[in-house]
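The residues making up each chain are set out below.
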Amino acid sequence: MLLTNEIKDKIFSAICIFFGFLGVSFLLFIIACLIYKGIGGFSLSLFTMPTAFGGLGNAILGQIILVFMASILGLFFGSFAGIYISEYIKNKALKNAFKCLVEVMLSTPSIIVGVFIYATFVRFFGSYSGIAGALALGFIMLCVVAKTYFEALESEIVKLKESSFALGANKMQVIMSVMIANAKPALITGVILGIARIAGESAPLLFTNANNDFFSFDIFSSLPSLSVSIYEFSLSSEENLRNAAWSGAMLLLIMVLGANLISKIAFMKKQ
């Protein structure tokens, strides 16, 4: 017996609901495990002691410094790259080539970025450093921001841009005062997602920044890193260090989910 379109639609809907529920269930299971395992390791010493003594205080501060420096680099270069691709490249084939390049770099494994910075920067200066780590993370964020910018700017109403030119505005005024102003919610969303993307990266930092077990604010040497400390603690045979790793993973989860939640709120305000 042939299936009617209505039955096919119900079967397809049921399959989508099943696999959607399955995917969400895995996500909730991971979050529940992190909370269950991580909450037990929370203590005052976790936030005040350096990793050398089983805490994560220095690692949290170091991660904030690394992400802050990377965000400045990624936002500055990524925004100009996105604006250039969207507004200044007129040749369609060349524009598509640049877009494809950004997409390829965005999907490149982060460890490849770390190896590249190691080969071109770390080996040249002869030591790991916070600057090298920020360069690696900043490059990853650059691609996210660039893609967000050219997609957001190209989605703006063409007539609005043409009307601005007709009123006598120059190119820079149209981009800054019209295009970016109207696309601001989407751009903010992309920047926050970029920060969330680099906040939990550890692979690039292993090749560029390494880690520091004590409090340090010297960006020309290795900075402490939360993500790398979690990796090192997870390999330890000591139970208290493994518990600290779970707690650190929970902190990263809170940071990333919080950043994504903020981006969703910013996006909803655009609607």
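Everything discussed here concerns the structure shown above.
Scope of this entry: the structure provided in the associated data block.

When you go through the chain residue by residue, the secondary structure sums to 12 helices and zero strands. Beginning at the N terminus, the succession of helices and strands in the chain can be written as α-α-α-α-α-α-α-α-α-α-α-α. By its C-alpha atoms, the chain is 65 × 65 × 30 Å across when sized along the principal axes. A total of 271 residues make up the chain; the buried ones form 41% of that total.

Moving on: helix α4 (residues 92-107). When the terminal C-alpha atoms of α4 are compared, their 23 Å separation across 16 residues agrees well with the 22 Å that a helix rising 1.5 Å per residue should span. For α4, the complete set of buried residues consists of Lys95, Lys99, Val102 and Leu106. The buried residues of α4 occupy one face: seen down the axis, they fall within an arc of 60°. Seen from the open side of α4, the exposed residues pointing more than 90 degrees away from its buried face are Ala93 and Ser107. Looking at the buried side of α4, the elements it contacts are α3 (57-88), α6 (130-154) and α9 (184-199). Capping the start of α4 is the job of one residue whose side-chain oxygen sits 3.0 Å from the backbone nitrogen of Ala93: Asn91.

In this section: the pattern of salt bridges. On inspection of all chains with the given rule, the structure shows two salt bridges. Lys147 serves as the salt-bridge partner of Glu103, at 3.4 Å between the closest nitrogen and oxygen. One end of the pair, Glu103, is in helix α4; the other, Lys147, is in helix α6, and 44 residues separate them in sequence. For Glu103, a relative accessible area of 32% translates into the label partly exposed. For the salt bridge of Glu201 with Arg197, the shortest nitrogen-to-oxygen distance reads 3.4 Å. A relative accessible area of 29% places Arg197 in the partly exposed class.

Counting residues in each nonpolar core, the largest one holds 33 residues, and the members touching the most others are Ile180 and Ile198. Mapped onto this core, the elements with two or more residues apiece are α3, α5 (110-125), α6, α8 (171-182) and α9. In terms of residues, this core owes the most to one element, α6, which gives 10 residues. With residues up to four places along the chain from it excluded, the contact list for Ile198 reads Gln63, Val67, Ala70, Ser71, Leu137, Ile140 and Met141. Core analysis: the second largest hydrophobic core is formed by 12 residues, Ile60, Leu226, Ala244 and Ala245 among them.

Moving on to the packing of aromatic side chains. As enumerated under the stated definition, the model contains 10 aromatic pairs in all. Taken together, a centroid distance of 5.1 Å and an interplanar angle of 90° make the contact between Phe76 and Phe77 edge-to-face. Owing to a relative accessible area of 46%, Phe77 belongs among the partly exposed residues under this scheme. By way of ring pairs, the aromatic residues Phe76, Phe77 and Phe80 are connected into one cluster.

Attention now moves to the packing of α3 against helix α11 (residues 226-234). Running from amino to carboxyl end, α3 crosses α11 at an angle of 140°, the nearest separation of the two axes being 7 Å. Classified by the interaxial angle, the pair formed by α3 and α11 is oblique. Across the interface between the two elements, Ala59, Ile60 and Gln63 from α3 touch Leu226, Ser227 and Ser229 from α11. Within the contact of α3 with α11, the residues separate by chemical class into three nonpolar, three polar and no charged.

In this section: α6. Helix length check: α6, at 25 residues, gives a terminal C-alpha distance of 35 Å against a target of 36 Å (1.5 Å per residue), a fit within 8%. Extensive coverage of α6 is indicated by the burial of 18 of its 25 residues.

Within the chain, Ala210 stands out as a residue other than glycine whose phi angle is a positive 60°. With respect to the helices, strands and loops of the structure, Ala210 is situated in the loop between α10 (203-208) and α11.

A contiguous nonpolar patch, built from Ile7, Ile11, Ile15, Phe18, Phe19, Leu22 and Phe26 and spanning about 670 Å² of accessible area, is present on the exposed surface. Tracing the sequence through the fold places Phe18 in helix α1 (residues 5-39).

Conventions and cut-offs
- Residues numbered from 1 in each chain as written.
- Predicted model: local features only at pLDDT ≥ 70, side-chain atom pairs only at ≥ 80, totals over all residues.
- Heavy atoms only, no water.
- Helix = DSSP H or I, 4+ residues; strand = E, 2+ residues; numbered from the N terminus.
- Buried < 20%, exposed > 50% of the residue type's maximum accessible area, 1.4 Å probe, protein only.
- Expected span 1.5 Å × (residues − 1).
- Arc of directions from axis to C-beta.
- Contact = heavy atoms within 4.5 Å.
- Polar contact = N/O pair within 3.5 Å; in protein donor to acceptor, adjacent residues only side chain to side chain.
- Salt bridge = Lys/Arg side-chain N within 4 Å of Asp/Glu carboxyl O.
- Core = buried A, V, L, I, M, F, W, Y, C linked by side-chain atoms within 4.5 Å.
- Phe/Tyr/Trp six-rings, centres within 6.5 Å; stacked < 30°, edge-to-face > 60°.
- Axes fitted to C-alpha atoms, helices over the stretch in contact; angles between N-to-C directions.
- Parallel < 35°, antiparallel > 145°, perpendicular 65-115°, else oblique.
- Nonpolar A, V, L, I, M, F, W, Y, C, P; charged D, E, K, R; others polar.
- Patch = residues over 30% accessible without salt bridge, like charges linked within 9 Å, V, L, I, M, F, W, Y side chains within 5 Å.
- Areas by Shrake-Rupley, 256 points an atom, 1.4 Å probe, with all protein chains shown as cover.

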